[in-house]
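# Coordinate inspection notes
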Amino acid sequence: MKNSKILDITLCAAFTAIICLFTMFIQIRIFPTQGGMVHIGNVPLFFVAAFYGKKIGAVSGGLGMFLSDLLTGWVTYSVATLSVVAIMGWVFGAIVNEKITLPRLLAAVAAVLGIKLAGYYIFEMIFIYHHLLGPAANIPGNTIQILTGAIIAVPLILATKTVMARLKKNQIQVTRKEA
């Protein structure tokens, strides 16, 4: 039990760092608006949530992209990012539920897209634009961001499914032996 908690903390820390770096690595503003940029931080977010579940997906995703916002000048969005991306990680992990299939992955991507669009729309409506229609300009950019991550992550997750299952099985065996 103690070792599984240590493993969870280690996974959260490692994937928080990976997600932060992947989010910072490529940031392309695709529309002349407040928000809406493309980055590849959603790739490791989807990966960790699919293979390690909703809790690790939520914590590492939310914290990783929050840190990226703080470090790259998107401070205004950092708190929204923390909460919206944590919910995205939780929901992606809950839908896939460590049972990797294409229909589950596509359903998770669709749900995450809805969460991203709604979460940032509400945030921008209240704190950035102060009216109902302003955030609509960021819908295409946010959509492209999620779909870009999905186009990379879904085939990667499907391709590594067998290897990750073996790796996780070995992690469980090592954890039990040390307990």
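The structure reproduced in this document is the subject of the present report. Treat the numbers as computed from the prediction; the structure is a model and nothing was measured. (Residues numbered from 1 in each chain as written. Predicted model: local features only at pLDDT ≥ 70, side-chain atom pairs only at ≥ 80, totals over all residues. Heavy atoms only, no water.)

Further remarks concern the overall build of the protein chain. When you go through the protein chain residue by residue, the secondary structure sums to 6 helices and 2 strands. Its helices and strands in sequence order give the protein chain the pattern α-β-β-α-α-α-α-α, from N to C terminus. The C-alpha radius of gyration of the protein chain comes to 17 Å, within 12% of the 16 Å expected for a compact globule of 179 residues. Based on the C-alpha atoms only, the size of the protein chain along its principal axes is roughly 55 × 30 × 25 Å. In the protein chain, which comprises 179 residues, the share counted as buried stands at 46%. Across the protein chain, the fraction of contacts at a sequence separation of at least 24, relative to all contacts at a separation of at least 6, is 71%. As displayed, the protein chain has an accessible area near 9,100 Å², and 73% of this comes from carbon and sulfur atoms. Counting 14 positive and 5 negative side-chain charges, the protein chain places the centres of these two groups 10 Å from one another. (Helix = DSSP H or I, 4+ residues; strand = E, 2+ residues; numbered from the N terminus. Rg over C-alpha atoms; globule rule 2.2 N^0.38 Å. Buried < 20%, exposed > 50% of the residue type's maximum accessible area, 1.4 Å probe, protein only. Contact = heavy atoms within 4.5 Å. Areas by Shrake-Rupley, 256 points an atom, 1.4 Å probe, with all protein chains shown as cover. Lys, Arg positive; Asp, Glu negative; His and termini not counted. Charge placed at Lys NZ, Arg CZ, Asp CG, Glu CD.)

If you look at the biggest cluster of nonpolar residues, it comprises 41 residues, and the most contacted ones within it are Phe46, Tyr52, Met88, Phe92, Leu105 and Ile157. Only α1 (2–25), α2 (42–52), α3 (54–71), α4 (75–96), α5 (102–129) and α6 (139–178) provide two or more residues apiece to this core. (Core = buried A, V, L, I, M, F, W, Y, C linked by side-chain atoms within 4.5 Å.)

Below, the discussion takes up the side chain of His39. For His39, the location among the structural elements is in the loop between β2 (37–38) and α2. On the accessibility criterion, His39 (3% relative accessible area) is buried. For His39, the side chain forms a polar contact with the main-chain nitrogen of Gly41, separated by 2.9 Å. Within the structure, His39 has its side chain in polar contact with the side chain of Gln145 (distance 3.1 Å). Among all residues touching His39, those that are not within four sequence positions of it are Thr23, Ile26, Gln27, Met65 and Gln145. (Polar contact = N/O pair within 3.5 Å; in protein donor to acceptor, adjacent residues only side chain to side chain.)

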